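Here are the chains, one letter per residue:
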Amino acid sequence: VIPTKPSAETESCARWMKDKLVDGKTLIFGNGDISKKLQELISNYDIVDSKTKIDNISNEYKNIVSCVPLNNSTEQMFNYELFKNTNDVNFVSISRSKCHNNKDLLKLVNDGNIQEAHIDTLDIELRDELLSTNKVFYYKHMSWDFLGHTNDHKKLKEIIDSCLEDNVNNPILKRKKNAWF
């Protein structure tokens, strides 16, 4: 893992999340660079550190935001038990797909606990069923590309080439420079 510092992509993710929020109080899970940037952009929020155990969310929140990293404590973190006391909440997530329990997410959407879910990464399990509700929106990991960045295939090829060793027979990739994908 290569530590990163706040960048244009960090601000882009925060603005992407802000764009998905509805009026009302927001509960933000995670306190990394993206969460901190989001905190600068909005008011009326509470923060939950990814190491803090929360059994369920109270009904006072209109937005639940997930920007936690995937680890043992966050895997399947966003599940029925967490959302069972919510009503018509808006869920926005840039966390890895393994942080969400799709079976529970489908039940929560169908039962009205979650009004809309804006998810940047969505596992294939029940993906079609979730999307067919017209309440779950999947962005194919594009939050980093929000507001002005372009999909530059030439740049992507340069990044991939910079990762490959000169020896084509060696299957191991080595990063020669830091770059965002």
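Keep in mind the model is a prediction, meaning the values are calculated, not measured.

Caption draft 1: Quick look at the overall build of the protein. Check the secondary structure of the protein and you find 6 helices and 6 strands. Put simply, the protein runs from its N terminus to its C terminus through helices and strands in the order α-β-α-β-β-α-β-α-β-α-β-α. Within the protein, the proportion of its 181 residues that are buried is 39%. A separation threshold of at least 6 residues defines the contact pool for the protein, and within that pool the share at least 24 residues apart is 59%. Summing over all exposed atoms, the protein offers an accessible surface of approximately 10,600 Å²; the carbon and sulfur share of this is 49%.

Caption draft 2: Main features of the sheet that holds strand β6 (residues 136–138). The 6 strands are arranged β2-β1-β3-β4-β5-β6 in an open sheet whose pairing can be described as parallel. Both outer strands of the open sheet, β2 (45–48) and β6, are each paired with one neighbouring strand and no more. Each strand axis lies, on average, 15 degrees off the axis of its neighbour in the sheet, ignoring direction. Two elements, strand β4 (residues 89–93) and strand β5 (residues 114–119), share 5 bridges in a ladder whose sense is parallel. Across the sheet, the residue bridging to V89 is I114, located in β5. The sheet contacts of helix α4 (residues 102–111) involve β4, β5 and β6, and relative to β5 the element is tilted by about 140 degrees.

Caption draft 3: Quick look at the pairing of β2. Judged from the 4 bridges that link them, strand β1 (residues 26–29) and β2 form a sheet pairing that is parallel. For I28, the partnering residue across the bridge sits in β2 and is I47. On the question of chirality, the crossover connecting β1 to the parallel β2 by way of helix α2 (residues 33–41) is right-handed.

Caption draft 4: Local environment of the side chain of S95. Looking at the element boundaries, S95 is found in the loop between β4 and α4. Assessed through its relative accessible area of 1%, S95 is described here as buried. A polar atom in the side chain of S95 sits 2.5 Å from the side chain of S66. The residues contacting S95, other than those within four sequence positions of it, are S66, C67, V68, H100 and T121.

Caption draft 5: Layout of the nonpolar core. Counting 24 residues, the largest nonpolar core has F29, I64, F78, F83, F91 and I114 as the members making the most contacts within it. Counting residues per element, the ones that place at least two in this core are β1, α3 (80–83), β4, α4 and β5. If one sorts the elements of this core by residue count, α4 sits on top with 4 residues. One finds M17, L21, V65 and I94 within the second-largest nonpolar core, a separate group that totals 11 residues.

Caption draft 6: The arrangement of the environment of T52 in detail. One can find T52 in the loop between β2 and β3 (63–66). For T52, a relative accessible area of 40% gives the class partly exposed. Counting along the chain gives 22 residues from T52 to G30, while the straight-line C-alpha distance between them is 9.5 Å.

Caption draft 7: Structural view of the packing of aromatic side chains. Within the structure shown, the criterion is met by 4 aromatic pairs. Three or more aromatic residues joined by ring pairs form one cluster here, namely F29, F78, F83 and F91.

Caption draft 8: Examining the side chain of H100 more closely. Here H100 is to be found in the loop between β4 and α4. Excluding its chain neighbours within four sequence positions, the residues that come into contact with H100 are Q76, F78, F91, S93, S95, I119 and T121.

Caption draft 9: Fine view of α2. Turning to α2, its buried residues number three or more, namely S35, L38 and Q39. End-on view of α2: buried residues confined to an arc of 105 degrees, all on one side of the axis.

Caption draft 10: Molecular detail of the pairing of β4. Burial of β4 is extensive: 5 of the 5 residues sit out of reach of the surface. Of the two faces of β4, both are covered, the one formed by V89, F91 and S93 as well as the one formed by N90 and V92. Relative to β4, β3 is paired through 4 bridges, and the arrangement is parallel. Bridge assignment links N63 to a residue of β4, and that residue is N90. Remark: the β4/α4/β5 crossover connection has right-handed handedness.

About the thresholds
- Residues numbered from 1 in each chain as written.
- Predicted model: local features only at pLDDT ≥ 70, side-chain atom pairs only at ≥ 80, totals over all residues.
- Heavy atoms only, no water.
- Helix = DSSP H or I, 4+ residues; strand = E, 2+ residues; numbered from the N terminus.
- Buried < 20%, exposed > 50% of the residue type's maximum accessible area, 1.4 Å probe, protein only.
- Contact = heavy atoms within 4.5 Å.
- Areas by Shrake-Rupley, 256 points an atom, 1.4 Å probe, with all protein chains shown as cover.
- Pairing = 2+ DSSP bridges.
- Axes fitted to C-alpha atoms, helices over the stretch in contact; angles between N-to-C directions.
- Right-handed = clockwise from strand over helix to strand, strands pointing away.
- Polar contact = N/O pair within 3.5 Å; in protein donor to acceptor, adjacent residues only side chain to side chain.
- Core = buried A, V, L, I, M, F, W, Y, C linked by side-chain atoms within 4.5 Å.
- Phe/Tyr/Trp six-rings, centres within 6.5 Å; stacked < 30°, edge-to-face > 60°.
- Arc of directions from axis to C-beta.

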